[in-house]
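The chain contents come next:
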Amino acid sequence: MSQVRLLLDANLSWSSVAELKPYFDDCQHVDKTDMKSPAKDSEIWEYARTNSYMIVTNDEDFLHLSTLKGFPPKVILLRTGNQSRRFIEQILINLKGQILEFATSDDYGLLEFI
């Protein structure tokens, strides 16, 4: 089984990392990496690709990057609107099975949750 490494985009709460770490092999927030803040989308993309992370975001710019560049990295796009961090955490925890399946698939690089 592939290791699941999540990189939370700047538009998600850094405090979600502690909630998600028990459920995923590795979880980091872009603000807690060695990238300068605020990191550009292209820098986040390259960091995730180089370090084998999947990007978790609600920023559609990563949809466009995924379409343009393919994968890796894979992108989990949350189209949930403006929701609390607890709501976002629960989505990711509840859909862990789908995320694990996505991580091991060679067929697609974008997973959307609506």
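Residues numbered from 1 in each chain as written. Predicted model: local features only at pLDDT ≥ 70, side-chain atom pairs only at ≥ 80, totals over all residues. Heavy atoms only, no water.

Undergrad: Could you give an account of the environment of serine 105, with specific residues and numbers?
TA: Summarising the element assignment, serine 105 is placed in the loop between helix H5 (96-104) and strand E5 (110-113). By relative accessible area, serine 105 is classed as buried at 11%. Separated by 35 residues in sequence, serine 105 and glycine 70 place their C-alpha atoms 14 Å apart. (Helix = DSSP H or I, 4+ residues; strand = E, 2+ residues; numbered from the N terminus. Buried < 20%, exposed > 50% of the residue type's maximum accessible area, 1.4 Å probe, protein only.)

Undergrad: Run through the sheet that holds E5, naming residues and quoting values.
TA: Taken together, the five strands give an open sheet; going across it, the order is E2-E1-E3-E4-E5, and neighbouring strands pair in parallel fashion. Each end of this open sheet is capped by a strand with a single partner; those strands are strand E2 (26-29) and E5. Averaged over all pairs of adjacent strands, the angle between their axes in this sheet comes to 20 degrees, without regard to strand direction. Where strand E3 (residues 54-57) meets strand E4 (residues 75-78), three bridges bridge the pair, whose relative direction is parallel. When the sheet's bridge partners are listed, threonine 57 is paired in E4 with leucine 77. Set on the sheet, helix H2 (residues 41-51) makes contact with strand E1 (5-8), E3 and E4; between it and E1 the angle comes to about 165 degrees. Running at roughly 145 degrees to E4, helix H3 (residues 61-69) makes contact with E3, E4 and E5 of the sheet. (Pairing = 2+ DSSP bridges. Axes fitted to C-alpha atoms, helices over the stretch in contact; angles between N-to-C directions. Contact = heavy atoms within 4.5 Å.)

Undergrad: For the pairing of E4, give the residues involved together with the corresponding values.
TA: Burial along E4 is two-sided: the face carrying Val75 and Leu77 and the face carrying Ile76 and Leu78 are both buried. Once you follow E3 into H3 and on to E4, the crossover reads as right-handed. Of the pairings in the sheet, the one linking E4 to E5 comprises four bridges and is parallel in character. Along E5, the bridge assignment pairs valine 75 with leucine 110. (Right-handed = clockwise from strand over helix to strand, strands pointing away.)

Undergrad: Let's hear about the packing of aromatic side chains: which residues, and what values?
TA: This structure, assessed with the given rule, holds two aromatic pairs. The interplanar angle of 15 degrees and the centroid separation of 6.1 Å between the aromatic rings of tyrosine 47 and tyrosine 53 together place this pair among those described as stacked. Across the pair, exposure class does not vary: tyrosine 47 and tyrosine 53 are buried alike. Ring centres of phenylalanine 102 and tyrosine 108 lie 5.4 Å apart, and the angle between their planes is 35 degrees; this geometry places the pair in the tilted category. Here phenylalanine 102 falls in the buried class, since its relative accessible area comes to 0%. Note on tyrosine 108: relative accessible area 31%, which makes it partly exposed. Of note, lysine 32 hangs over the ring of tryptophan 14, and the distance from its end group to the ring centre comes to 5.0 Å. (Phe/Tyr/Trp six-rings, centres within 6.5 Å; stacked < 30°, edge-to-face > 60°. Lys NZ or Arg CZ within 6 Å of the ring centre and 35° of its normal.)

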